[in-house]
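Examination of the molecular architecture
Now for the letters of each chain:
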Amino acid sequence: KEAVELFQRMQEEGVKPNATTFVSILSACSHTGLVDDGFHYFSMCREYGVIPIAEHYGCMIDLLGRA
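Presented here is an overview of the structure given in this document. (Residues numbered from 1 in each chain as written. Predicted model: local features only at pLDDT ≥ 70, side-chain atom pairs only at ≥ 80, totals over all residues. Heavy atoms only, no water.)

Our next topic: the pattern of salt bridges. Scanning the model with the defined rule gives two salt bridges in all. Here Glu13 ties to Arg9 by a salt bridge, and the two come within 3.6 Å at their closest N and O atoms. By relative accessible area, which is 58% here, Glu13 ends up exposed. (Salt bridge = Lys/Arg side-chain N within 4 Å of Asp/Glu carboxyl O. Buried < 20%, exposed > 50% of the residue type's maximum accessible area, 1.4 Å probe, protein only.)

A separate point is the packing of aromatic side chains. In the structure shown here, the tally under the stated rule is four aromatic pairs. Centroid distance Phe7 to Tyr41: 4.9 Å. Interplanar angle 70°. Geometry classified as edge-to-face. Remark: Tyr41 occurs in helix 3 (residues 35-47) and Phe7 occurs in helix 1 (residues 2-12); sequence separation between them is 34 residues. Grouping residues by exposure puts Phe7 and Tyr41 together as buried. Here Phe22 and Tyr48 contribute two aromatic rings whose centre-to-centre distance is 6.1 Å and whose plane-to-plane angle is 45°, an arrangement assigned as tilted. (Phe/Tyr/Trp six-rings, centres within 6.5 Å; stacked < 30°, edge-to-face > 60°. Helix = DSSP H or I, 4+ residues; strand = E, 2+ residues; numbered from the N terminus.)

Axis separation between helix 2 (residues 19-32) and helix 4 (residues 54-66) bottoms out at 8 Å; the angle between their running directions is 10°. Viewed along their axes, helix 2 and helix 4 adopt a mutual orientation that is roughly parallel. Taking contact as the criterion, the partners of Ala19, Phe22, Val23, Leu26, Ser27, Cys29, Ser30 and His31 in helix 2 are, on helix 4, Glu55, His56, Cys59, Met60, Asp62, Leu63 and Arg66. Residue composition of the contact of helix 2 with helix 4, by class: eight nonpolar, four polar and three charged. (Axes fitted to C-alpha atoms, helices over the stretch in contact; angles between N-to-C directions. Parallel < 35°, antiparallel > 145°, perpendicular 65-115°, else oblique. Contact = heavy atoms within 4.5 Å. Nonpolar A, V, L, I, M, F, W, Y, C, P; charged D, E, K, R; others polar.)

Keep in mind these values describe shape, not function.
In structure tokens:
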């Protein structure tokens, strides 16, 4: 939950997330059971010009596996 709040704060302050930021937020969603949020953040990758790579997809698989 803290990671989600930090991500939202970054957005409010105009900080552009990168690939590592998205791996972190997706991992946090996976470990806290935030499936809907995980899908939301995954879809946001392209909005910020981040092309999902294996680590992002791995987080999504983990997210679904823990659901």
